[in-house]
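# Overview (structure and organization)
Okay, here's what each chain looks like letter by letter:
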Amino acid sequence: MNTGVKYQRQNGSATSGAAGKRKPKARRARQRLLRYATRRRLWDRAARAMVSMGGLGIISSILLIFFYLFYEVLPLFGGANAGAAEILPQVVAGEAMWLEADPGAGVALRIDERGLASFYDLTTGNLLDNEALAAPAGAALTAMARDSAGSGLFAAGFDDGSVVMAGWNAAREAGSISPRLEYPLGPQSLAMLDGRAVRALGLRSGPGGVSIAAASDSGPLMLREQALDSTPPNLTALPRAGAEIRQREIVVGDIRPEQILLPQDPRWMLLLTATGELNLAAIGPGNPAEILDTVALTTATARLTRMRLLAGGMSLIAADDSGRAAQWFIVTEDGRASLKKVREFALFDNAVAALDVERSRRVFAAVSGNGELALVNVTAETVSFPGEWDGPAALVAALAPAGDLLLLEDAAGRLATWRIDNPHAEFSMAALWSETWYENYPEPALVWQATAADDALEPKYSLAPLTFGTLKAALYAMLFAAPLAICAAVFTGYFMPSGARRQIKPLIELMEALPTVVIGFLAGLWLAPLVDANLMALALGALLLPLGVLLASLAMARLPERLDLEWREGWQILALAPVLLLAGMVAWLLAPDVESLLFDGSLRDWLVQRWGLDYVSRNALIIGAAMGFAVIPAIYSIADDAIFTVPRHLSNGALAIGANHWQTLIWLILPAAAPGILSALMIGFGRAIGETMIVLMATGNTPIMDANLFEGMRSLAANLAIEIPESEVGSSHYRILFLASLVLLLFTFVINSAAELVRQRLRRKYRMI
Amino acid sequence: MNSEELSELNPDADGVRPDPCLETRNLSLRYAGNRRALNKVRLTIPRQRVTALIGPSGCGKTSLLRCFNRLNDLVDDCVITGRVRLEGKNIYAAKVDVTELRRRVGMVFQKPNPFPKSIYENVAFGLRIRGIKSRRRLDEIVQESLSAAALWEEVKDRLHKSALELSGGQQQRLVIARTLAVAPEVLLLDESASALDPISTLKIEELISELKKNYTIVIVTHNLQQAARVADYTAFMDMGEMVEFDTTARIFTNPVRRRTEEYITGRYG
Amino acid sequence: MKRSLANWLESGAPWVWLNAGAVTLCLTMVFGLLLLLGVKGLGHFWPRPVMQARYLAAEPPATIIGEFAASEIIDASELNSISLAEDNGAVERQLLKLGNRDISGGDFAWVLTGLLEDVGYPAELAVLERREWGNQYGYLSGLRQAGAPVLPVEASAGAGEARWSELHSRLDRARDLRREIERIERSIIADINFGMERLRLEERRLVFAGGDSADALRENARQRESFDAQYAEIRLRLLELNRQIQRDTALLRIADGSMVEIPVADIVRAYRPNAMGWAESLGVYLARLIEFLSGNPREANTEGGLLPALYGTTVMVMLMSVIVTPLGVVAAVYLSEYAPRGWLTRIIRVSVNNLAGVPSIVYGVFGLGFFIYLAGGEIDRLFYAESLPAPTFGTPGLLWASLTLALLTLPVVIVATEEGLGNVPASLREASLALGATQFETLWRVVLPLARPSMLTGLILAVARAAGEVAPLMLVGVVKLAPSLPLDTQFPYLHLEQQFMHLGYHVFDLATQSPNVEAAMPQAFATAFLLVALVTALNLSAVVLRGRLRERYRAMDT
């Protein structure tokens, strides 16, 4: 290889025109060099392309977080959709007494007036099987009732006063479906009304057993309670009858019910009369039955068309021929139970012809006389009209248990299926943020209670209490941290010589590095009991500490000038350590005396009696101190920079005209650094908003809305840590939690960006000065 | 055309009319915010001579210098129009290999900027990136370059010590050696002695006189005495324009333009 | 010369002093916290004297033996059941660790100090730390070998020493046997189990694939038989070892005077704290400290060591570093060297900076949804179909935790690296370019080497953050107790899908999830101290490194 100085000389001589023949060897070397240069150029380009691609890829993968959270949240806003109705090939006669669809098993069940149960294949529409309901010989079917617990059981009443309870099971064997009826209480009918025809029937199953209520046109109403074997042999099988049977008469005056509803609470029974009046009867064991309340379900001009208990068996939906559907439930106020119309949906401008409810969500589907389909989530008060039926008027509708299919029977005897996609019915922005009236609640409230374990409990998705808890925790933390951090920043940023500042600043910033789990641990298990036991000492300390500092300052001012000079160097902080310790000690020693002198011996009791402030051991005070501790460094660090970087010639100018340091600070430095301090506060606030472990460990995590310093809270972040591992993937709960994390992300991102903007503007300003 | 360009170069003190090496025609440069740094500069730099660019601060000397090795490419929003030719080839043509150009047009900066590596590695840097791996070859060129930069005797015992330990003048000569190692044809010195003490400055000036035997050298300087001492030709620039270019002797004794005269005699600048 | 009060107020001195007070308070809090953790965390391992006393509040008055744990002054009115307490004013009560949880149900009790009588610290009192059921306190009164007494029960005073040395030699024997058992269980049996599981999955895969697999299945069956035979052999050996280890028992006379028989194999450590000098105490202290750092947790993590947590944290952090370093550096290099200068890049830069301030739990949620359910689920469907529905990667695990934390710490690394790249003097870049180096060569040979310490700083900060972070980990991979370590001798050695233990989560678990809070507290303090020491050391080294770097640039700039 020939290059370097020699090469240059050769090159120089060649180009300067001097005679000289190039040797072949030199030419080869030159070519090799050129090839190498080409390779270098290619390398450079390849590196540029790779780094650019890699860099952009990595950055976009970070930003992917935004998009992914959006992607998970988006389905919540999708609303309900329904495909086109598919008409099954079967034509049926008469009106169905019973219609049911189970897309999981692929089977629909229809029971006609004669008590003949027909099973259809939901996909092909073919008749799979016919099976007569086990009826007493010669008896005609007169009434049917569904289980209010949504188990799929139903009861059938006959004109000889007997009742039979049945369910059905679709066993899938070698590809073919063989559905059949099953009788958990045995196929023999239960004699309930001594020969009087059953006119109205009610059924409820629960962990305690089944209750069947039957009434006829005359005579008392009968209630039969029978224990069930609570553990069925396998998951798909129906429970079997247990031994204990109780049957009692219930006399409720001269009410002749058309329908009986047995809500999940065994104390109540609802009786609907032919005139559309609903009676609430108390039927608790031991007491004589009593009618507590009677209400008209419809207005005077309208006629009740359909009524169903909603999932969970706590509230009912009553639809009428004016196209309205209303939710009613039992509200207990001051020990008095009454029926309340909680909300009403004006669905159609003609009659609600058919209606059915989902088994686990508070969702019902209604079809109008004109064939419009409405899907309603009751709690979230969302209504959607995803489709229309253009055949003859629908008579009966059956919604699949999970709400993904609607089976219709129209006046022409045709059966039709309607695929429904309504995965997030329980979500609405309104329910998320505004007060909602939940079952069992005397009034609308903001509640977060997302237990997915039990259908009987209505899930309550209000982010308001969590947001409130988040803000409460953050605000108390800021109350603690902001004054301390800013005062400290003022001192190190302005008064302290920069040499000392360089040493002190990293020490305070070290606080930021402490794992929050450790702070949470100390707050919850060390500080909380300590404060619990020494509340008075703490309150006294908050007073005595600044007082001690002021006294120390006064004492210093009284010292001769030549001693005082030393302290200008910023080493007050060392001198103050014993002062603070002393003040703390005094507070601790004085606390019992002050407490007995001023607060009758117990500050906590006094707070409760005087101000009604309950004291919970893990409270906002603890959070304020612990999380305040965690955010001090964030605020301090930025505020200190902001104050320190104010150009010195500004303050020199003020000092030159005779202002003292404090005046310079107040009138010049702080206003100049104010945007920076504001940005520091914003960063600190953002940090407090998102802090998880401290809130998780040092509060009781109760989602209550109470600004009391001595009560706990649950924050959005802590709620995520608690609930998301247990929420079902893709469920509304899961997605609402994602929404909460998106809210957190956006909030902190926006607040940080704003702080950054403020800071950059400030930096530009200083550069210009 | 070639003869016309040649005619621009007046014969030097020895009466020799040198060849042109670098030429600019209509060279204009504008930075972002419409600040015009160079305006239609026309200049021919003679081969194997020392050319000094003088002029008041902000007159565009450094900008012009950085056009010669396209270091201005690194500045965002910098628009260059016109032509710069090295050995008759436009260096702003599309196909020019910029890295090879920069190898041919070496540059020494105002402040010495050795890499935080050893002395040896500093000099060998340009060779290594060009794919020279032979230890023997590297040793050879490093020694030659350091000798050429009049530094060899001072550092030969501590070649593997950090370059940051050298004095300012030594650092600057090291940077020159580093530049020489890659065998440039042109050497641009951007006020390269301004940050040094008088003795170091003297050494650098001696070095420049020595180097012009093999290299075409362009220096930017604020120091008129320095220009008068080392330069064969001098160009006076003002406000982005080439005011006057001639042999140093003529510029300093008998300038044509009044602006030049005022500057030389220290009436402004 | 003295100044007046008005002067004092006007000068602003009080406010300045209050500001100084804020600094002092902040520093006091930091150091107070470190001190508290240090004292409580490190003090826990020091053997405490064991007290024996008669407690009058019991009915009838009973002898109690225990270690002092805490004391507090409470209002007498809060003690409703104790009639013996004076009915006014404050009384002192103390928390004693009584041990013997298997006998009395709980091992801590509050007693009123005033009702303790005959308080003494007998030298013969022994503490037996057991593998299960916590400590036992009492007097060592005999040893049995296979049921027969080794030394006479309750003989003269001199016999105590003999018994004690006999116990120690038997403890050593049991320890050796236990090591052997553990070795067999850990390596040989684990290998067999691993092989069997592999065979099972192989079989399922064959069945899934369909086609003619009879030969392969036969081969599988043959291998399984060989495994079964090996296992049977090992099992016999284990049974024999277990029989041997159960040979010796120790007799302990406990507080209520009854005699309990404890298998020597169940004793971790035995000592007589009241009889020990400080040197012996130090020995026990160090032994316990070493066990803490290198042992496995016992008794729902409240005793023993935290090696798996330490190990899990290290492996996770290392994996994270391997992921985050190249990604962060490439992104930073792109942003500072290649990205077009303009508002878009500025916005991207600010966004990346701000992501460092996004709550960590959000990253956890993202990791859970994106990595575990989406990516992990997909991986399972594609590559691990044979073990479904049990998820392999579709569940929290080491890989996902590392990835999530890598994402979380990416902004830290990017910001630090970018700062380092920006600080490299422009003159050096120009010098390199002027020598004819390409942009990449300049970057690779001049800029990156100079920015290396900043990258290291960024990485250290990232590691410190990752080591202390808990909230996202709770969602993506840590568990309270991992049955096996994520890095072991079984192929493929690093089990990316496994869950692991983590120091921070260990603190969380001990503090909030422990069934026995009093017993868990000391361990929690010790763990917290270790964590804080680790994180603080990392951060301080980053601070020092950064400071040194600044000096260097300053030197270069002049």
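One can find the structure itself at the top, above this paragraph.
Computed from a predicted structure; not experimentally measured. (Residues numbered from 1 in each chain as written. Chains lettered and ligands numbered in written order. Predicted model: local features only at pLDDT ≥ 70, side-chain atom pairs only at ≥ 80, totals over all residues. Heavy atoms only, no water.)

We now examine the overall build of chain B. Summing up its helical and strand segments, chain B has eleven helices and ten strands in all. Here the C-alpha atoms of chain B give a radius of gyration of 18 Å, agreeing with the 18 Å that 2.2 N^0.38 yields for 269 residues. For chain B, the spread of C-alpha atoms along the three principal axes comes to 55 × 40 × 40 Å. In chain B, which comprises 269 residues, the share counted as buried stands at 58%. Restricting the contact set of chain B to residue pairs at least 6 apart, pairs at least 24 apart contribute 67%. (Helix = DSSP H or I, 4+ residues; strand = E, 2+ residues; numbered from the N terminus. Rg over C-alpha atoms; globule rule 2.2 N^0.38 Å. Buried < 20%, exposed > 50% of the residue type's maximum accessible area, 1.4 Å probe, protein only. Contact = heavy atoms within 4.5 Å.)

What chain C contains, in helices and strands, is 15 helices and 13 strands. Relative to a compact globule of 558 residues, whose C-alpha radius of gyration would be 24 Å, chain C shows 31 Å and is clearly more extended. Across its three principal directions, the C-alpha atoms of chain C cover 105 × 95 × 45 Å. For chain C, with 558 residues in total, the buried portion stands at 51%. Across chain C, every contact between residues at least 6 apart in sequence was considered, and the portion connecting residues at least 24 apart equals 69%. Working note: accessible area of chain C is about 25000 Å², and carbon and sulfur atoms make up 60% of it. Both charge centroids of chain C, one from 49 positive and one from 58 negative side chains, sit 6 Å from each other. (Areas by Shrake-Rupley, 256 points an atom, 1.4 Å probe, with all protein chains shown as cover. Lys, Arg positive; Asp, Glu negative; His and termini not counted. Charge placed at Lys NZ, Arg CZ, Asp CG, Glu CD.)

If you look at the biggest cluster of nonpolar residues, it comprises 273 residues, and the most contacted ones within it are A:Phe521, B:Leu43, B:Leu64 and B:Phe68. Here this core takes 16 residues from helix H11 (residues 620–644) of chain A, the largest share from any one element. Excluding residues that lie within four positions of it along the chain, B:Phe68 makes contacts with B:Leu22, B:Thr24, B:Leu43, B:Ile45, B:Val84, B:Ile91, B:Leu101, B:Val105 and B:Leu188. (Core = buried A, V, L, I, M, F, W, Y, C linked by side-chain atoms within 4.5 Å.)

Before going further, it helps to spend a moment on the interface of chain A and chain C. Between chain A and chain C, the contact holds 87 residues from the first and 90 residues from the second. Surface buried jointly by chain A and chain C totals about 8200 Å² across both partners, of which 80% is contributed by carbon and sulfur atoms. On the chain A side of the contact with chain C, A:Ile62, A:Phe521 and A:Trp662 bury the most area, a combined 7% of that side's loss. Summed over the shared surface of chain A and chain C, the result is one salt bridge. Linking chain A to chain C there are eight residue pairs in polar contact (both at pLDDT 80 or more). (Buried area = accessible area lost by both parts, 1.4 Å probe. Salt bridge = Lys/Arg side-chain N within 4 Å of Asp/Glu carboxyl O. Polar contact = N/O pair within 3.5 Å; in protein donor to acceptor, adjacent residues only side chain to side chain.)

It is worth spelling out helix H2 (residues 24–73) of chain A at this point. Since one α-helical turn is 3.6 residues long, residues separated by three or four positions face the same way. With 50 residues, H2(A) should cover 74 Å at 1.5 Å per step; its first-to-last C-alpha distance of 72 Å lies within 8% of that length. Bending of H2(A) peaks at approximately 35° at the position of A:Leu63. (Expected span 1.5 Å × (residues − 1). Bend = angle between axes of the 7 residues up to and from the residue.)

Now for the environment of A:Asp159. Residue and element names in this part refer to chain A. When you line up the elements, Asp 159 lands in the loop between strand E8 (154–158) and strand E9 (162–173). For Asp 159, a relative accessible area of 33% puts it in the partly exposed group. For the pair Asp 159 and Ala 642, spaced 483 residues apart in sequence, the C-alpha to C-alpha distance is 89 Å. When residues no more than four places from it in sequence are discounted, the contact partners of Asp 159 are Ala 139, Ala 140, Thr 142, Gly 195, Arg 196, Ala 197 and Val 198.

With that settled, consider the pairing of strand E29 (residues 405–410) of chain A. Residue and element names in this part refer to chain A. Where burial is concerned, most of E29 is hidden: six out of the six residues are buried. Going residue by residue along E29, you find Leu 405, Leu 407 and Glu 409 tucked away on one face and Leu 406, Leu 408 and Asp 410 tucked away on the opposite face as well. Relative to E29, strand E28 (residues 394–399) runs antiparallel, the two sharing five bridges. From the neighbouring strand, Leu 399 faces E29, where its bridge partner is Leu 406. Taking the residues between adjacent antiparallel strands as the criterion, E28 and E29 are bridged by five residues, where Gly 403 takes a positive phi near 75°. For E29 and strand E30 (residues 414–421), the ladder comprises five bridges, and the chain directions are antiparallel. Note that in E30 the partner of Leu 408 across the bridge is Ala 416. From the end of E29 to the start of E30, which pair antiparallel, there are three residues, and Gly 413 there has a positive phi angle of about 80°. (Pairing = 2+ DSSP bridges.)

With that settled, the discussion passes to the sheet that holds strand E7 (residues 186–190) of chain B. Residue and element names in this part refer to chain B. Pairing within the open sheet is mixed, and its six strands lie in the order E6-E7-E8-E3-E9-E10. Pairing within the sheet leaves two strands with one partner each, and these edge strands are strand E6 (105–108) and strand E10 (241–247). Direction aside, neighbouring strands of the sheet carry axes that sit 20° apart on average. With respect to the sheet, helix H7 (residues 168–181) is in contact with E6 and E7, its orientation differing from that of E6 by roughly 170°. Along the sheet, helix H8 (residues 198–211) makes contact with strand E3 (50–54), E7 and strand E8 (216–220), crossing E8 at roughly 150°. (Axes fitted to C-alpha atoms, helices over the stretch in contact; angles between N-to-C directions.)

A few words on the sheet that holds strand E17 (residues 268–273) of chain A. Residue and element names in this part refer to chain A. In space, the four strands of this open sheet follow the order E16-E17-E18-E19, with antiparallel pairing throughout. Each end of this open sheet is capped by a strand with a single partner; those strands are strand E16 (257–261) and strand E19 (290–296). Within the sheet, the average angular offset between the axes of one strand and its neighbour, ignoring direction, is 25°. In this sheet, strand E18 (residues 277–282) lies alongside E17 in antiparallel orientation, the contact comprising five bridges. Within E18, the residue paired with Leu 270 across the bridge is Leu 280.

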